[in-house]
Amino acid sequence: MLALENLQIAQGDFRLSADFEIPIGASVALIGPSGSGKSTLLSTIAGFVKPEAGRIVWDKADITAARPANRPLTQLFQEHNLFAHLSVSQNVGLGLRPDLRLDAAARRRVSAALEEVGLPGVESRRPAQVSGGQRSRVALARALLRDRPLLLLDEPFSALGPALRTEMLDLVDRIRVERRMTLILVTHEPDDARRIAELTILIDKGRALPSHPTQALFD
């Protein structure tokens, strides 16, 4: 279980409190007005923002002070963070080794990850040589190679058209179920939340409310 226990976040005049639990293996959407703190909360869970008070607990282990690299999670950002000078396979390989010293077994894992997200045969291309939807899949393949149980999505598919975004959400949901991952998705789109989130957390007026079943909340 992921538990945020009396978490208090402060950045200048901005304040956000959160106190909720997410079952392991659940898919959860974070929704709320622009500027309400959705991405900030995600960054706090990931370790990029230090809370003013409270605890973050994963599977009974306190990870509040853990470095981002040592947390049981990986995060996909809006920008995808692909390196233009590296090939697709190298960008994915960064999920295994930052120095890209990959042996034959590691290279096979890279190819398998690309095939899992529907991108076989593009290993040698650069990010500029593939479409926006394909770049999203490259970033997802890299995240999957990290093999962490918690996946954080900070609107990584927001720049895609409706059809491509739906395709990517369905792909993420299928892989989440197969791997029994816990998913937290920041979104402004109610339809995205309805599509893959079992639970939804509303963030508004400086507070992250407890999770509710998604359809019941929107109803």
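Basis of the calculations
- Throughout, residues of each chain are indexed from 1 in the direction in which the sequence is written.
- Under the rules for a predicted model, residues below a pLDDT of 70 receive no local features and side-chain atom pairs below 80 are neither given nor counted, while totals for whole chains, interfaces and linings still include all residues.
- The basis for the side-chain values is all heavy atoms of the structure; hydrogens and waters are excluded.
- Here, nonpolar core means buried Ala, Val, Leu, Ile, Met, Phe, Trp, Tyr and Cys residues that are tied together by side-chain atoms lying within 4.5 Å of each other.
- Under the scheme applied here, a residue whose accessible area is under 20% of the maximum for its type counts as buried, over 50% as exposed, and between as partly exposed, the area being computed with a 1.4 Å probe on protein chains only.
- Secondary structure counts use DSSP, requiring at least four H or I residues in a row for a helix and at least two E residues in a row for a strand, with both numbered from the N terminus.
- Working rule for contacts: check all heavy atoms of both residues, and any pair within 4.5 Å makes them a contact.
- Paired strands, in this sense, are two strands between which DSSP finds at least two bridges.
- On a range of 0 to 100, pLDDT expresses the predictor's confidence in each residue.

K.L.:
Can you help me understand the nonpolar core in this one?
P.N.:
Taken as a class, soluble globular proteins show a tendency for nonpolar side chains to be buried jointly. Membership of the largest hydrophobic core comes to 33 residues, with the highest contact counts inside it found for Val117, Leu140, Leu151 and Leu153. Sorting elements by how many residues they give to this core places helix 4 (residues 132-146) first, with seven residues. If near-sequence neighbours (up to four positions away) are discounted, Val117 is found in contact with Arg137, Leu140, Ala141, Leu144, Leu171 and Ile175. Leu42, Leu73, Ile201 and Ala208 belong to the second-largest nonpolar core, a separate cluster that totals 28 residues.

K.L.:
In this structure, what is going on with the environment of Pro72? I would like to understand it.
P.N.:
One can find Pro72 in the loop between strand 5 (61-62) and strand 6 (73-76). Considered as a pair, Pro72 and Arg148 are 76 residues apart in the sequence and their alpha carbons are 5.3 Å apart. Dropping the residues within four chain positions of it, Pro72 is found in contact with Trp58, Ile63, Arg148, Pro149 and Leu150.

K.L.:
Which parts of the structure should I look at to understand the pairing of strand 7 (residues 150-154)?
P.N.:
When a strand is regular, its side chains alternate between the sheet's two faces. Counting buried residues in strand 7 gives five out of five residues, a clear majority hidden from the surface. A two-sided burial pattern is seen for strand 7, the buried positions comprising Leu150, Leu152 and Asp154 on one face and Leu151 and Leu153 on the other. Note: strand 7 against strand 8 (residues 182-186), five bridges, orientation parallel. Across the sheet, Leu150 pairs through a bridge with Thr182, a residue of strand 8.

K.L.:
Would you take a moment to explain the pairing of strand 3 (residues 27-31) for this structure?
P.N.:
The buried fraction of strand 3 amounts to five of the five residues, a majority that puts the element mostly inside the structure. Residues of strand 3 alternate between two faces, with Ser27, Ala29 and Ile31 on one and Val28 and Leu30 on the opposite face, all of them buried. Bridge analysis of strand 3 against strand 8 gives four bridges, and the strand direction is parallel. Directly across from Leu30, in strand 8, lies its bridge partner Val186. Of the strand pairs in this sheet, strand 3 and strand 9 (residues 199-204) are connected by four bridges, and their pairing is parallel. Counterpart to Ala29 in the pairing with strand 9 is Thr200.

K.L.:
How should I be thinking about the confidence of the model for the chain in this particular structure?
P.N.:
Where the model shows low pLDDT, its predicted coordinates should not be examined in detail. Predicted confidence across the chain gives a mean pLDDT of 91, with 100% of residues reaching 70 or more. By mean pLDDT, helix 4 is the weakest element of the chain at 86, and strand 4 (residues 53-58) is the strongest at 97.

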